[in-house]
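Structural overview
Listed below are the residues making up each chain.
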There are 2 protein chains.
Amino acid sequence: MSKGRFTIPVEENFTKELQGIAKLWGADAVRDCDGTRLPKDVKKYGKVYNTYFVVRGDNEWGRKHPEEAQRIFLLSERNLALSETLEISFMKGFLADEFAPDYGNLARWEVTDRTTGELVTDWEADRERDVVRIRNAVRMHEYTVSFMARITWHPVQIYNYLTNNWTCEKQLTYDPAFPNTAEYIKRHMQQWCEENPDTDVVRFTTFLYQFTLIFNELGKEKFVEWFGYAQTANPVLIDGFEKETGIKMRAEDFVDGGCYNSAFRCPSEKFRKYMDYVCRFVSKTIGELVDICHKNGKEAMMFLGDDWIGSEPYGDTFKDMHLDAVVGSVGGGVTVRMLSEIPHVKYHEGRFLPYFFPDTFFDGNEGSAVAELNRNWLTARRAIMRKPLDRMGFGGYLSLAAKFPSFVSRVAEIADEFRTIYDAIDNKKPYCTLKVALLNAWGKKRSWMSHMIAHELWYQSAYSYQGILESISGLPVDVEFLSFDDIREKGIPSDVDVIINAGDAYTSFSGGENWLDEKILTRVREFVYGGGGFIGIGEPTAVRGDRRYFRLADVMGVDEEIGFTLSEDKYNIRKVEHELTAGMTSFDYGEDKKNIYALPGAKVLDIVFSDRFKRDVNVGEVKMAVNDYGKGRSFYITGLPYSSENSRLLYKALCWTAGKPLERAYSSNVRTECNYYPASKKYAVVNNSPEEQKTDFYDVNGKKTELTLRPMEIRWIESK
Amino acid sequence: MSKGRFTIPVEENFTKELQGIAKLWGADAVRDCDGTRLPKDVKKYGKVYNTYFVVRGDNEWGRKHPEEAQRIFLLSERNLALSETLEISFMKGFLADEFAPDYGNLARWEVTDRTTGELVTDWEADRERDVVRIRNAVRMHEYTVSFMARITWHPVQIYNYLTNNWTCEKQLTYDPAFPNTAEYIKRHMQQWCEENPDTDVVRFTTFLYQFTLIFNELGKEKFVEWFGYAQTANPVLIDGFEKETGIKMRAEDFVDGGCYNSAFRCPSEKFRKYMDYVCRFVSKTIGELVDICHKNGKEAMMFLGDDWIGSEPYGDTFKDMHLDAVVGSVGGGVTVRMLSEIPHVKYHEGRFLPYFFPDTFFDGNEGSAVAELNRNWLTARRAIMRKPLDRMGFGGYLSLAAKFPSFVSRVAEIADEFRTIYDAIDNKKPYCTLKVALLNAWGKKRSWMSHMIAHELWYQSAYSYQGILESISGLPVDVEFLSFDDIREKGIPSDVDVIINAGDAYTSFSGGENWLDEKILTRVREFVYGGGGFIGIGEPTAVRGDRRYFRLADVMGVDEEIGFTLSEDKYNIRKVEHELTAGMTSFDYGEDKKNIYALPGAKVLDIVFSDRFKRDVNVGEVKMAVNDYGKGRSFYITGLPYSSENSRLLYKALCWTAGKPLERAYSSNVRTECNYYPASKKYAVVNNSPEEQKTDFYDVNGKKTELTLRPMEIRWIESK
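Residues numbered from 1 in each chain as written. Chains lettered and ligands numbered in written order. Predicted model: local features only at pLDDT ≥ 70, side-chain atom pairs only at ≥ 80, totals over all residues. Heavy atoms only, no water.

1. A word on the packing of aromatic side chains
All chains considered together, the criterion is met by 100 aromatic pairs over all chains. Taking the centre distance of 5.4 Å and the plane angle of 75° together, the rings of F356(B) and F361(B) count as edge-to-face. An aromatic cluster is defined as three or more aromatic residues linked by ring pairs; in this entry it consists of F6(A), W25(A), F352(A), F356(A), F361(A), W377(A), F394(A), F404(A) and F407(A). Sitting above the plane of the Y506(B) ring, R544(A) keeps its charged end 3.6 Å from the centroid. (Phe/Tyr/Trp six-rings, centres within 6.5 Å; stacked < 30°, edge-to-face > 60°. Lys NZ or Arg CZ within 6 Å of the ring centre and 35° of its normal.)

Set out below in structure tokens:
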């Protein structure tokens with residue numbers, strides 16, 4: 001039984017069993033949670049974490065400075081004009097407790113004719129009735145009001161409040177972009193440090209700006225965007241940005257026709273510049289608070305969630321916050337890597353599932369709790385084997401978990417296994433077969449975030465792509481997140497073996513109009529033609545503007561038929577045998593894509609014919625294809641939701657397109673995987689399933705050994 | 001047994017049984033066919049039809065005037081530049097016997113950099129090797145050659161020749177846009193009339209320009225477009241057009257990046273103007289030939305197919321051809337209406353299926369032949385009940401049909417039924433419940449052709465829309481084909497009750513960028529808001545450019561999620577009961593559409609959840625919805641392939657959106673339909689199925705009677 005790298009949640013009145021469990025789990029740190037308080041003698045259990053809020057929690061301050069509340073631009077419903085005068089009740093559909101119209105900034109409001117897209121100037125606001133009256137409206141045109149509002153109730157508290165039927169005070173917000181609050185938050189930080197001498201780690205939950213979270217008039221979620229910058233619409237920032245850059249941010253730049261710059265959108269240059277400005281402000285401001293923590297002998301830890309907007313852990317200014325650590329919830333392999341690779345901090349911590357809450361820890365549910373624990377661990381473990389978190393932990397009420405002895409003992413095993421893995425890897429780089437670059441509109445700044453919505457929330461339009469990252473999070477490959485600007489400015493890095501472009505047409509996932517740029521096209525073609533690999537998933541490189549919808553149809557050997565070339569006969573509709581699909585009998589394409597056809601030279605690996613198939617041309621839906629392009633190769637598939645089979649298919653495709661041999665540091669059974677650690681000369685053959693598995697293990701030289709692995713086992717094998 | 005309105009195919013050596021069959025079928029005209037000759041005493045069987053070709057058939061003339069061969073612009077394959085010099089073998093992929101590069105018109109050729117879309121000027125043609133050599137090519141750019149070619153083998157003959165392994169001479173083409181051929185075709189017409197005194201009807205097969213039909217190097221179909229104007233690229237026409245309009249038609253205007261102005265494309269103004277110019281030329285030229293026929297005491301009949309391009313039966317210049325009749329193949333209800341409504345001719349004839357060819361009329365296949373006959377008749381009959389053809393007929397070898405006595409007698413029954421229907425309708429307008437306008441990019445010019453490919457060929461991207469027209473062809477509604485220009489210039493006709501917009505995004509079917517025009521939007525909104533009906537199918541009104549993809553999402557109550565508003569919660573995901581779907585248990589959406597969601601006010605009539613459904617928002621695919629909009633109503637469905645059920649669903653939706661009562665001149669059983677002829681005060685309740693059917697028949701006042709109909713029966717009921 002080992003010790004350390006483990007944070008346990010504690011409660012004021014649950015100290016008798018705590019010591020035993022803490023020892024069993026090897027805990028060396030404790031934390032408080034929502035609704036719990038730390039015990040008096042907390043120091044004896046190890047390092048103490050304490051939550052800290054920067055822009056909420058002090059309603060007295062909020063009440064004193066309503067003019068310094070956080071701001072947002074909101075877009076009203078669309079309203080059809082029936083006569084020359086149109087009145088718009090712009091607050092309709094919004095939660096009145098969350099937002100208050102900011103008439104003090106009326107000059108920033110915009111009225112838009114959505115039928116023409118034009119701005120309207122002939123209008124006035126009726127402050128008594130919260131109505132905008134438009135004159136000379138055009139009948140049968142739709143109009144909206146984009147209005148600035150003060151955020152009068154912190155959205156995360158709204159959620160907790162309404163979900164749990166709280167009756168406590170509603171938390172106001174305040175914004176240090178305003179002068180009084182700027183002073184206040186520094187004063188408050190120092191004071192708090194002095195009042196909490198036991199605290200070793202200030203757990204920031206989080207910084208200045210909440211991700212976009214808008215509730216409707218019924219208090220139900222109306223709009224949620226974990227990457228959203230809507231709530232950074234502070235007039236001081238907007239004016240400061242204009243002064244510095246000459247660029248005026250308008251209401252429309254924020255409401256974006258109602259998309260609020262969703263992460264699915266290819267970000268405009270203007271919006272990205274404003275993001276950078278916000279990031280600089282957040283980093284500078286938080287840097288000053290963190291310095292105060294340090295001066296008081298405390299570490300500063302960021303919780304990656306809630307008010308994380310403007311921190312951008314993979315951005316240029318993140319380092320300026322001087323943080324010691326990050327912590328985040330572990331949903332799967334992608335969140336592990338998203339956390340564990342964040343630069344400029346000393347350690348990374350993951351909070352595992354299940355949360356110790358009554359919804360899981362009720363009488364008779366012990367089996368399910370253990371199953372969820374195993375599922376979470378097995379998914380996360382794949383990524384941990386590649387790039388471990390430095391610490392793990394749980395959250396919630398320990399008293400609840402303590403009632404399930406098999407749960408407690410399974411956590412102990414997992415904690416031990418975690419430490420074993422951590423020690424074995426020893427911060428050394430594991431063996432990588434090749435390097436893959438994920439090409440999308442965000443690049444490095446959104447590393448491991450490029451194809452997900454919120455922190456691994458299931459979205460119908462995302463899971464078929466998120467599966468790529470989930471697969472890769474546990475594959476023995478180097479990963480780089482590449483933006484189109486990277487390629488434009490610096491070309492494709494020389495150590496990249498395979499480029500992946502994946503997503504629906506026009507989204508930031510696939511890149512949209514970036515694919516009209518001949519520089520992008522020629523550089524990617526050159527890369528593949530010279531021997532590189534290309535993997536396209538969904539609608540890669542797609543954009544209207546040419547006969548071909550996939551702009552690199554020549555590279556991939558497939559295109560999407562959007563109707564205009566239907567009159568051209570397509571004869572390449574026969575499935576062929578191929579090493580990539582050998583032995584596979586069924587495929588899961590997730591949301592899939594329709595109307596994909598193969599160009600003459602490509603090899604079709606899977607195609608589906610409808611019952612209505614009648615003619616031998618112009619029909620059939622290609623699902624998977626490979627293509628040769630110069631010395632390089634391409635693999636296309638319509639979608640790749642995460643599964644063991646799809647993860648293996650992707651790995652095979654990576655090796656095949658990169659021209660690398662597959663059976664090196666490799667375990668043949670798809671329920672198993674192999675990691676190799678050259679520094680310690682150890683292999684870890686991992687059983688990702690809760691059943692026993694037989695597999696052929698190949699070492700780095702391709703030498704085969706047959707293995708039988710226990711359920712969930714990691715078999716450590718010393719290299720000779 | 002009645003007589004007349006029937007054309008029978010005859011053969012030189014099959015006269016013994018002919019008289020009996022001709023009498024049985026009530027034939028009053030005879031025709032020749034491919035591979036048959038008329039008997040000597042042909043006149044005694046009735047009117048004599050004789051096929052006539054204008055631009056092929058005289059190889060002697062073709063050889064004498066190779067410079068007057070028909071022309072086409074062809075687009076080469078895309079070629080990747082690997083160095084500064086790129087050689088393109090532009091004929092690669094084309095059938096060498098069909099096309100000869102026209103170096104005499106080298107100045108009209110274009111070389112295009114398809115990666116940038118720019119024209120390239122630094123190139124030369126190597127006439128010996130049929131190669132274009134590009135200098136200063138950019139590595140990794142793709143280049144094409146758009147070259148003019150002479151059409152050296154008539155494409156329809158290629159098809160027959162290769163299919164039937166003919167060994168006869170390959171037919172050359174010639175074009176009366178050139179001066180010598182212009183004289184020649186008039187001379188030839190007069191001469192032919194003199195040489196064929198028995199001929200009463202000159203059956204033109206057809207006029208000057210073949211629809212686009214390109215073969216590949218293996219003699220297989222490469223590109224086919226029944227509406228295609230590619231083969232009208234005659235230099236004399238191009239220059240004449242420029243002289244008249246100042247508009248220069250370039251190679252690119254014809255090859256259109258490889259789409260060759262497919263009927264799926266929204267036609268450009270430039271292309272439409274050129275079409276009009278071609279039509280004027282064709283009408284004038286053919287008008288002169290028809291006048292010669294008339295002077296020689298013969299009628300002129302157009303076969304709608306083959307070289308029909310430039311005739312546009314629903315266009316402005318069709319009347320200038322002075323034709324007496326049209327004939328075409330009957331594939332279903334749509335082709336019947338397409339033929340029967342052509343203006344400016346005295347009579348319309350349909351050639352029914354099956355064709356008397358050995359592929360159907362072989363030993364032991366009598367049952368199938370009769371079944372095909374019935375299927376074709378039942379489908380066509382729906383449309384004939386609305387607007388009859390004036391004549392019917394068959395084609396092929398009568399000697400083959402004669403071997404199947406049950407086939408011969410069933411044709412006799414059908415011929416009698418056809419004449420009964422014709423007499424009952426007596427060219428009077430049947431009762432129509434309402435008037436529907438099909439709004440698309442072509443409008444009246446492509447009446448009954450707006451959503452089909454070739455003459456009712458099955459296409460994966462078309463059948464889900466073609467089903468609308470097939471349904472309507474037999475429904476008791478008035479039909480108008482409306483273009484966006486019509487709405488822009490004249491607004492929506494006051495007698496229209498319902499507008500249908502149906503198709504994939506950006507196609508001519510749905511209208512693409514026309515939906516960015518505020519005039520279109522406001523006029524359609526005004527129409528619906530004031531009480532009109534709107535039916536959207538597939539991706540109606542869709543175009544990028546706004547937060548909403550369906551530009552009339554407000555009218556329809558549905559939109560397509562293309563990714564950018566995913567972060568907005570969608571709560572309208574519950575199916576509701578509705579009179580339109582009452583009693584229906586399964587639906588056929590054909591190719592269907594994904595990611596359709598309902599706006600708050602709409603009623604969802606059908607929605608499908610995937611197995612992966614986890615959250616109660618942002619998922620689910622709406623398939624059918626209705627919406628109220630002012631005094632008007634809308635119905636949306638993802639696709640509507642033809643079936644009895646879908647036809648009835650559409651009819652119900654038409655009545656419901658138009659606010660008309662359903663049970664008037666109505667037959668409740670979906671396998672049956674009711675037509676009412678006010679002039680003769682007759683109802684025809686039609687059994688469209690080969691089984692007995694019970695149904696509730698409602699007269700125009702809504703009075704109900706129960707009926708039992710024999711298989712395929714038409715029950716004529718006199719109104720009191």
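Still more to cover.
2. Points about the relation of the copies chain B and chain A
At an RMSD of 0.1 Å, chain B and chain A line up after a rotation of 180° and a shift of 0.0 Å along the axis. Within this description, the copies of the chain are treated as partners about a two-fold rotation axis. Within chain B, K594(B) has its C-alpha nearest the rotation axis, a separation of 4.9 Å. Here 100% of the interface residues in chain B have copies in chain A that are interface residues too; the copies meet face to matching face. (Least-squares fit on C-alpha atoms with pLDDT ≥ 70 in both. Contact = heavy atoms within 4.5 Å.)

3. Brief notes about empty space enclosed by the protein
To find leftover empty space, a probe the size of one water molecule is rolled over the atoms. A volume near 580 Å³ is recorded for the largest cavity. If you go around the largest cavity, you meet 27 residues; those closest to its centre are E539(A), E560(A), K593(A), E539(B) and E560(B). Tallied by class, the residues present in the lining of the largest cavity amount to six nonpolar, four polar and 17 charged. (1 Å grid on protein atoms, 1.4 Å probe; cavity = no way out; pocket = protein on both sides within 12 Å on 5 of 7 lines; lining within 4 Å. Points joined across faces, edges and corners; volume = space filled by probe spheres on them. Nonpolar A, V, L, I, M, F, W, Y, C, P; charged D, E, K, R; others polar.)

4. Points about the sheet that holds strand 2 (residues 29-31) of chain B
Residues and elements named next belong to chain B. A barrel is described by the order of its strands in space; here eight strands give the closed sequence 1-2-3-13-16-17-18-19, paired in parallel fashion. In this sheet, neighbouring strand axes are inclined to one another by 25° on average, regardless of whether the strands run parallel or antiparallel. Taken together, the four bridges between strand 13 (residues 201-204) and strand 16 (residues 299-303) define a ladder with parallel strand orientation. Paired with V201 across the strands is E299, a residue of strand 16. Its contacts with the sheet put helix 7 (residues 269-295) on strand 13 and strand 16, and the angle it makes with strand 13 is roughly 160°. The strands touched by helix 11 (residues 405-425) within the sheet are strand 1 (6-9) and strand 19 (391-393), with strand 19 carrying the most contacts at an inclination of about 170°. (Pairing = 2+ DSSP bridges. Helix = DSSP H or I, 4+ residues; strand = E, 2+ residues; numbered from the N terminus. Axes fitted to C-alpha atoms, helices over the stretch in contact; angles between N-to-C directions.)

5. Comments concerning the packing of helix 12 (residues 463-472) of chain B against helix 16 (residues 644-658) of chain B
All names here are of chain B. One can describe the packing of helix 12 onto helix 16 by two numbers: an axis separation of 9 Å at closest approach and a directional angle of 75°. The angle between helix 12 and helix 16 places the two elements in the roughly perpendicular class. Between helix 12 and helix 16, the contacting residues are I468, S471 and I472 on the first element and N646, S647 and L650 on the second. For the contact of helix 12 with helix 16, the per-class residue count stands at three nonpolar, three polar and no charged. (Parallel < 35°, antiparallel > 145°, perpendicular 65-115°, else oblique.)

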